[in-house]
Amino acid sequence: MSIKIHLPRSIIYLGTAAVTLILIIFLYSANRDNGSRSLQKMQRESYLLGTIIRITLYGEDSKKLNNVLDLSMKEIERLENLLSVNIPSSDVSLVNRASGEYPVKVSEEAGSLLERAIEWSERTGGAFDPTVGKIVKLWGIGTESAAVPDPEQLKEAVDMTDFRKVSVLHEVNGTFVQTAKGQRIDLGGIAKGYITEKVKALLINEGVSSALIDLGGNIAVFGSSPKPGKWKLGLQHPFMPRGEYFGIAEVSDVSVVTSGAYERYFESGGIRYHHIFDTATGYPALSDLASVTIISEDSTDADALSTALFVMGFERGISLLRELKNVEAVLVAKKTEGTIVYVTKGLSKGFLLKDPAMKKAPEVQ
Amino acid sequence: MGMKRGDRAMLYILVMILAVSGVVLGIRYMTAVPDVMSAEITQDGKLLQRVLLKKGDPAREFVVEYNGGLNRLKAEDGKIAVIEADCPDKDCVKRGWLKKPGDSAICLPHRLVIRITGESEVDGVTW
């Protein structure tokens, strides 16, 4: 008799204890959610550098983060005013107006960025070339007057495109740049990367512990991602509308830059002309690559390299990648057998292909 | 059945705890799967409008002007799209329907961004 009563009672006690435990676990996890929300997310979006820029900061003091966002935007504007080919008072415009005449005194920043650009020109055999400005101007892609240029004029522009004719001189009284007659410097293929690095340095200097900097699709991340694991960045699908991605790169403390023919273009006579030029022909590069993504610690390098590799194409691009250290890449190649995605060895585990229509090749390097 | 007064009280407590955890779980479930989202329309980095997107909502249209140019937006049934634009490339129209958090359409010439807020699979998209 005493056993009969004893048994259900113990079950009731046990049941009560179990349910209480479950409830405590749920309440605890709910509290944890609230706890992680005390990490503030501060975001600012603006239109600068001819594109949409977005900076996202994470931290505890939202007022401080807001001030840092103000400083970041001012820094971007300051650098745009030094480096933009479209701003008449910029260092680049001053150099361009004096082409073939006299050395122009520029800021140390503009001078050293131009030197970095020339270094990449040398390493890429001119596939990347900051003197591409004349060609860019003739086509006018992204402006109202975009048109296929006159072949004679284009030939002239190609002849003027030569980084070897640019000299950057460091004198006691400052940095000077001299270009050959008719040359036009355009840092469009590298400036966003450089500005990304400057913003990153500013953020770190201001004590920001984690951030995502997005300058028109050139992204840099540092610190820990707001979600568990690494930062997850979608890579723009070359054949789909902007915002749709073909794969995801899981990264930390790097910059990720993608270049492709889809970014800016115009159509004329049924032909699509894009904005990445082959400096040897003056025409949009006839690349066998649909897009190039470079992942590198330094955004300046990632920016220049993504453009250069697109122009160089698959074979030359792969062999350059083999020479470079600490640079990972995702190449989307247009092959007869379909669209093939090549991922370098160092990234292979951190890359997730999302488009089932694309095939991933065995890892590269 | 031989249940004592203390056992009965314990059973009531047990039932109440179950009921409370049921309600808590229910609330958590409902909030975890939102059927209401919101889209932010920003121009030049400034928020113009926040549009509530709800499943089953009838179609609504908005026009956003910029220096004489325009983008026509349409929201219906929990999604939003740019359906007409007078910019040269019309990237924003080609983007089609924005349906899930993180989806965005950008019109560079008109400095316009439409983005669905909330948690997305990725932290950003490079292009």
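Starting from 1, residues in each chain are numbered consecutively following that chain's sequence as written. Following the order in which they are written, the chains are lettered starting with A and the ligands numbered starting with 1. Per-residue local features are limited, in this predicted model, to residues with pLDDT of at least 70; the limit for side-chain atom pairs, both in listing and counting, is 80 or more; totals at the level of whole chains, interfaces and linings are taken over all residues. Processing note: side-chain calculations cover all non-hydrogen atoms of the structure and skip hydrogens and water entirely.

Now for the state of the cysteines. Covalent bonding between the sulfur atoms of two cysteines defines a disulfide. Residue and element names in this part refer to chain B. Cysteine sulfurs are considered disulfide-paired once they come within 2.5 Å of each other. Inspection of every chain in the model, using the stated rule, returns zero disulfides over all chains. Here Cys 87 is not cross-linked by a disulfide; its sulfur's nearest cysteine counterpart is in Cys 107, at 3.7 Å. When accessible area is computed with a 1.4 Å probe and restricted to protein chains, residues below 20% of their type maximum are described as buried, those above 50% as exposed, and intermediate ones as partly exposed. Residue Cys 87 is classed as buried on the basis of its relative accessible area of 2%.

This part is about the packing of aromatic side chains. Residues and elements named next belong to chain A. Pairing of aromatic rings covers Phe, Tyr and Trp, the last counted by its six-membered ring, and requires centre-to-centre distances within 6.5 Å; plane angles under 30 degrees mean stacked, over 60 mean edge-to-face, and any other angle means tilted. Evaluation of the coordinates by the stated rule reveals eight aromatic pairs over all chains. Look at Trp 139 and Tyr 273: their rings are 5.3 Å apart centre to centre, the planes differ by 40°, and that puts the pair in the tilted class. Remark: Tyr 273 occurs in strand S12 (residues 271–274) and Trp 139 occurs in helix H5 (residues 133–139); sequence separation between them is 134 residues. On the accessibility criterion, Tyr 273 (13% relative accessible area) is buried. Feature note: the residues Trp 139, Phe 266, Tyr 273, Phe 277 and Tyr 283 constitute an aromatic cluster, connected by ring pairs. Taking the ring centre of Phe 314 as reference, the NZ or CZ of Lys 335 above it sits at 4.1 Å. A run of H or I in DSSP counts as a helix once it spans at least four residues, and a run of E counts as a strand once it spans at least two, with each numbered from the N terminus. Two conditions define a charge located above a ring, namely a distance within 6 Å from the ring centre to NZ of Lys or CZ of Arg, and an angle within 35 degrees of the ring normal.

Domain start and stop points were drawn from an automatic or database domain assignment. Assigned domains of chain B: these are domain 1 (1–32) and domain 2 (36–117). Spacing between the C-alpha centres of domain 1 of chain B and domain 2 of chain B amounts to 47 Å.

Looking now at the nonpolar core. Residues and elements named next belong to chain A. Counting 73 residues, the largest nonpolar core has Ile 76, Leu 83, Leu 187, Leu 203 and Leu 331 as its most contacted members. When residues in this core are grouped by element, the largest group, 12 residues, is from helix H8 (residues 299–323). Contact definition: two residues touch when any of their heavy atoms are within 4.5 Å. If we ignore the near neighbours within four places in the chain, the residues touching Leu 83 are Ser 90, Val 92, Ala 110, Leu 113, Leu 187, Ala 191, Tyr 194 and Ile 195. We call a set of buried residues a nonpolar core when its members are Ala, Val, Leu, Ile, Met, Phe, Trp, Tyr or Cys and they connect through side-chain atoms within 4.5 Å of each other. Membership of the second largest hydrophobic core comes to 21 residues, among which are Leu 212, Ala 290, Val 330 and Phe 351.

Our focus in this paragraph is the interface of chain B and chain A. Taken together, the contact between chain B and chain A spans 33 residues of the former and 47 residues of the latter. Ranking the residues of chain B by area buried against chain A places Asp 123, Thr 126 and Trp 127 of chain B at the top, with a combined share of 23%. What counts as a salt bridge is simple: a side-chain nitrogen of Lys or Arg found within 4 Å of a carboxyl oxygen of Asp or Glu. Scanning the region where chain B abuts chain A turns up six salt bridges. Close ionic contact of Glu 45 of chain A with Arg 115 of chain B constitutes a salt bridge, the shortest N to O distance being 2.7 Å. Definition of a polar contact: a pair of N or O atoms within 3.5 Å, with one able to donate and the other able to accept a hydrogen when the atoms are protein atoms, and with sequence-neighbouring residues admitted only if both atoms are side-chain atoms. Here chain B and chain A share 14 residue pairs in polar contact (both at pLDDT 80 or more) between them. Ranked by the residues each element gives to the side of chain B that touches chain A, the list is headed by helix H1 (residues 5–32) of chain B, at nine residues. The class makeup of the residues in the side of chain B that touches chain A is 13 nonpolar, eight polar and 12 charged. Sheet topology note: the strand S8 (residues 231–236) of chain A/strand S8 (residues 124–126) of chain B ladder contains three bridges and is parallel. Within S8 of chain B, the position partnered with Leu 235 of chain A by the bridge is Thr 126 of chain B. By definition, the buried area sums, over both parts, the 1.4 Å-probe accessible area that each loses when the two are put together. Here the nonpolar group is Ala, Val, Leu, Ile, Met, Phe, Trp, Tyr, Cys and Pro; Asp, Glu, Lys and Arg are the charged ones; every other residue, Gly included, is treated as polar. Whether two strands pair depends on DSSP finding at least two bridges between them.

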